[in-house]
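Geometric and topological summary
One letter stands for each residue in the lines below.
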Amino acid sequence: MTPPDPAPAPEAPGVTPADAADAARLVAFGLQPKLLPARDAEYAELLRRHRDEPAFARLADAVAAGLGLIVLEVSPRAGMAVTAAEDSVFAVRMGDYARRAATDSADRFLHGLAHLAVAALAFPRPEDLADDGYIGRVTVNGVDAFVRQACRRLEERAEEQGENSDPATGAPGLESAWRVYARRSATGATKDARRLAGSTTGIIGKAVAFLVDSGFLQRTGDDSGGTYRTTARYQLQVRDMAASAAMAELLELGIVPVSDGSATLLPPDESDDLDLVADAGLPFHS
């Protein structure tokens, strides 16, 4: 006599295929950076489940992990905020971004410098980065002014130390990038007064446009080359990148002091011998 087929293994209590579908749906919402939970009832309901149902939260976090995503926060303010791990198919690498935006290797460093400067000005103090209610504001011209100020400071330091002021061809790192940045035109010149893509404000404009498309910044006006405010997702992203090698290198260059030893960037304080330039676009509370 043929033995009966074994009974199917019981499903984990409280977890159903419908729950798995909902968990994947929540992660899918998180991958739409411009979507706000307050504007989508289904998204808001799934966030509530993540908060109130531990089994569902573990399931959604597992789905994200399986896709190579790191969950930064799950909340009504940020939604399901995720960032891609280095080996994730969703990872957007600075090199890939820069290659799309520029072909010159020096320009790729300038694009990276622009992103670091935006983060530095968006959250200039550790307490700003830690405060969930803080909103940073930056302008394209302000970011350019900030970087050029840093360039002047680094050039003065190089002269004092008797260092060669000419960047070595292909030299990596921010120490060489500032020399290239200082020599680049801020706006360039076109017949209709548009800024050139390869100018420094053009490069910053591409950087902030990318951040807007990624749900990290929101455009608020056209003054000073374009004005922008930060989102909760950008604050979480900057927190996550605060200890990155690029951030650490920028700090090591001595461009900005740090008050408490953390990896958050700060503008010079009143005791510094270099005053902030006008219209630096520093963020403030709303």
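Our structure's up above, just so we're on the same page.
Below or above, wherever it landed, is the structure these notes cover.

Remarks on the overall build of the protein chain
- Secondary structure assignment for the protein chain yields eleven helices and five strands.
- When each of the 286 residues of the protein chain is scored for burial, the buried share is 42%.
- Contacts in the protein chain between residues at least 24 apart in sequence constitute 58% of all its contacts with a sequence separation of at least 6.
- A total of about 14,900 Å² of accessible surface is found on the protein chain, and carbon and sulfur atoms cover 54% of it.

Here we look at the environment of Thr 230
- The topology assignment puts Thr 230 in strand 5 (residues 227-230).
- Excluding its chain neighbours within four sequence positions, the residues that come into contact with Thr 230 are Ala 122, Phe 123, Tyr 134, Ile 135, Gly 136, Phe 216 and Leu 217.
- Here the side chain of Thr 230 touches Gly 136 through a polar contact of 2.8 Å, landing on its backbone nitrogen.

Some words on the pairing of strand 1 (residues 69-75)
- Pairing of strand 1 with strand 2 (residues 79-84), which is carried by six bridges, proceeds in the antiparallel orientation. Each bridged residue has a counterpart across the sheet, and for Leu 69 the counterpart in strand 2 is Ala 84.
- Following strand 1, the chain reverses through three residues before pairing antiparallel with strand 2.

Digging into the side chain of Ser 88
- In this fold, Ser 88 is placed in the loop between strand 2 and helix 4 (94-101).
- The class for Ser 88 is buried, based on a relative accessible area of 6%.
- At 3.1 Å, the side chain of Ser 88 and the backbone oxygen of Leu 67 are in polar contact.
- In this structure, Ser 88 is in contact with Leu 67, Gly 68 and Leu 69, ignoring residues within four places of it in sequence.

Examining the pairing of strand 4 (residues 217-221)
- Bridge count for strand 4 against strand 5 is four bridges, and the pairing is antiparallel. Among the inter-strand pairings, Arg 219 is bridged to a residue of strand 5, identified as Tyr 228.
- The turn linking strand 4 back onto strand 5 is made up of five residues, and Ser 224 within it adopts a positive phi angle of 55°.

Things to note about the packing of helix 1 (residues 17-30) against helix 2 (residues 41-52)
- At a closest axis distance of 10 Å, the pairing of helix 1 and helix 2 adopts a crossing angle of 115°. Where helix 1 crosses over helix 2, the two elements pack in a sense that is left-handed. Along its contact with helix 1, which presents Asp 19, Asp 22, Arg 25, Leu 26, Phe 29 and Gly 30, the element helix 2 presents Glu 42, Tyr 43, Leu 46, Leu 47, Arg 49 and His 50.
- Tallied by class, the residues present in the contact of helix 1 with helix 2 amount to five nonpolar, two polar and five charged.

Some thoughts on unusual backbone geometry
- Located in the positive-phi region is Ser 224, a residue other than glycine, with phi close to 55°.
- Positionally, Ser 224 belongs in the loop between strand 4 and strand 5.
- What makes Ser 224 partly exposed here is its relative accessible area of 24%.

Considering a nonpolar patch on the surface
- Residues Leu 31, Leu 67, Val 89 and Phe 90 make up a contiguous nonpolar surface patch of roughly 350 Å² in combined accessible area.
- Within the element layout of this structure, Phe 90 appears in the loop between strand 2 and helix 4.

Procedures and definitions
Residues numbered from 1 in each chain as written. Predicted model: local features only at pLDDT ≥ 70, side-chain atom pairs only at ≥ 80, totals over all residues. Heavy atoms only, no water. Helix = DSSP H or I, 4+ residues; strand = E, 2+ residues; numbered from the N terminus. Buried < 20%, exposed > 50% of the residue type's maximum accessible area, 1.4 Å probe, protein only. Contact = heavy atoms within 4.5 Å. Areas by Shrake-Rupley, 256 points an atom, 1.4 Å probe, with all protein chains shown as cover. Polar contact = N/O pair within 3.5 Å; in protein donor to acceptor, adjacent residues only side chain to side chain. Pairing = 2+ DSSP bridges. Axes fitted to C-alpha atoms, helices over the stretch in contact; angles between N-to-C directions. Left-handed = near helix turned anticlockwise from the far one by under 90°. Nonpolar A, V, L, I, M, F, W, Y, C, P; charged D, E, K, R; others polar. Patch = residues over 30% accessible without salt bridge, like charges linked within 9 Å, V, L, I, M, F, W, Y side chains within 5 Å. Salt bridge = Lys/Arg side-chain N within 4 Å of Asp/Glu carboxyl O.

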